[in-house]
Amino acid sequence: MNIDMLIDGILDSYDRFGGINRSEGENFPNRENVIKVLGELQCLIFPGFKTAESINPENIRYITGQRVNNIIAILTAEIQKALVYTVECNACKDSPVKNPNCLKLAEQTSLSLIEEIPFIREKLMLDVAAIYKGDPAAKSNEEVILSYPGLQAITVYRIAHFLCKVGVPVIPRIMSEHIHGRTGIDINPGAVIGDSFFIDHGTGIVIGETTVIGNNVKIYQGVTLGALSVKKELMNKKRHPTIEDDVTIYAGATILGGETVIGKGSVIGGNTWVTESVPAGTKLIINRQ
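Residues numbered from 1 in each chain as written. Predicted model: local features only at pLDDT ≥ 70, side-chain atom pairs only at ≥ 80, totals over all residues. Heavy atoms only, no water.

This part covers the pattern of salt bridges. Applying the stated rule across the entire model yields eight salt bridges. The closest approach of N and O atoms between Glu53 and Arg67, which form a salt bridge, is 3.1 Å. A residue pair is termed long-range when its members are at least 10 positions apart, and Glu53 in the loop between helix H2 (31-45) and helix H3 (60-84) and Arg67 in helix H3 qualify at 14 residues. For Glu53, a relative accessible area of 23% puts it in the partly exposed group. The exposure class of Arg67 is buried, given its relative accessible area of 9%. A salt bridge links Asp127 to Arg158; its shortest N-O distance comes to 2.8 Å. (Salt bridge = Lys/Arg side-chain N within 4 Å of Asp/Glu carboxyl O. Helix = DSSP H or I, 4+ residues; strand = E, 2+ residues; numbered from the N terminus. Buried < 20%, exposed > 50% of the residue type's maximum accessible area, 1.4 Å probe, protein only.)

Structure, rendered in structure tokens:
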């Protein structure tokens, strides 16, 4: 069998089974471009922390402007691709020429994200402060920004959540799964998370799509905020728990179910399994007697 025959077999599989993201006509967002723009967004949020660049009062406006323009150009193109696959933009599929309304919506969405950056930064600085205050090992806010995987995951979540909230398909999930692979922290962009969120260590944390988390919540490694059932027909139902303000959840705890509410100020001990609501101020631990 020669090389041409092997190539023909692969090409035939593309036609029969799909799984190819073509660059012409209809195509899905490009993962590499999404990850690239995510990196630019992280640099925009924490300038000078993510890349080896010299930031000073003389050049910060130029660097910021250049970065904003790069983000808008790349993100608009990728959002437009994503919108082609939504019901609202089905007109795009009927023509080889991209629908101008779809392009306009993509541009507006990119600009709205840039407009949101100051508010995202405000929330993230509350997260940084919560981590610094809550972790005796943290020596400064700058150390948290530079090195803590929990903050990296929260940063990407807050970007992806905004895009998810305004209706951008696919791209928020690419972002969240990228940082999941880097940190071991899996936060679905559809989750709703309040201010001053503290993830300590973080490896193995799972936060499901319909989870609601209040303010000043602290979560340790290996925590699962998940669903009691993964049946496909439940996709539009609340499947994941609600965690009220000032709750601490220790390592390895599993909290499941859309009707499960962990009351304000509760402490959930390590390795506990919770499928029912607990009232405010509860301290829940495994009874080993």
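This brings us to the sheet that holds strand E4 (residues 206-207). Judged by pairing direction, the sheet is parallel, and its five strands sit side by side in the order E1-E4-E7-E10-E13 without closing on themselves. Among the strands making up the open sheet, the edge pair consists of strand E1 (186-187) and strand E13 (273-274). Looking at chain direction, strand E10 (residues 254-256) and E13 are connected through two bridges and run parallel. The residue of E13 that forms the bridge with Ile255 is Val274. (Pairing = 2+ DSSP bridges.)

The next subject is the packing of H2 against helix H7 (residues 171-183). One way to put it is that H2 packs onto H7 with a least axis distance of 10 Å and a crossing angle of 70 degrees. By the criterion of interaxial angle, the relationship of H2 to H7 is roughly perpendicular. Contacts between H2 and H7 involve Arg31, Val34, Ile35, Val37, Leu38 and Leu41 from the first element and Ile171, Ile174, Met175 and His178 from the second. Of the residues contributing to the contact of H2 with H7, the split by class is eight nonpolar, one polar and one charged. (Axes fitted to C-alpha atoms, helices over the stretch in contact; angles between N-to-C directions. Parallel < 35°, antiparallel > 145°, perpendicular 65-115°, else oblique. Contact = heavy atoms within 4.5 Å. Nonpolar A, V, L, I, M, F, W, Y, C, P; charged D, E, K, R; others polar.)

With that out of the way, let us pick up the nonpolar core. Met175 and Ile249 are the most contacted members of the largest nonpolar core, which has 66 residues in total. Looking at this core element by element, the count peaks at ten residues for helix H4 (residues 100-134). (Core = buried A, V, L, I, M, F, W, Y, C linked by side-chain atoms within 4.5 Å.)

Another point: the environment of Ile74. Residue placement: Ile74 occurs in helix H3. On the accessibility criterion, Ile74 (18% relative accessible area) is buried. It is 7.9 Å that separates the C-alpha atoms of Ile74 and Val34, two residues lying 40 residues apart in sequence. Among all residues touching Ile74, those that are not within four sequence positions of it are Asn33, Lys36 and Val37.

It is worth spelling out the packing of aromatic side chains at this point. Summed over all chains, the structure comprises two aromatic pairs. Aromatic side chains Tyr220 and Tyr250 sit 4.9 Å apart centroid to centroid with 20 degrees between the ring planes, which places their arrangement in the stacked category. Of this pair, Tyr220 sits in the loop between strand E6 (218-219) and strand E7 (224-226) while Tyr250 is found in the loop between strand E9 (248-249) and E10, placing the two residues 30 residues apart along the sequence. Assessed through its relative accessible area of 34%, Tyr250 is described here as partly exposed. (Phe/Tyr/Trp six-rings, centres within 6.5 Å; stacked < 30°, edge-to-face > 60°.)

What follows deals with the sheet that holds strand E11 (residues 261-262). One open sheet holds the four strands; their spatial order is E2-E5-E8-E11, and the pairing between them is parallel. With partners counted over all chains shown, the strands left at the sheet margins are strand E2 (192-193) and E11, one partner each. Strand direction decides the pairing type here: strand E8 (residues 242-243) and E11, joined by two bridges, are parallel. Counted as the bridge partner of Ile243 is Ile262 from E11.

Its place among the elements puts Lys264 in the loop between E11 and strand E12 (267-268). The class for Lys264 is partly exposed, based on a relative accessible area of 46%.

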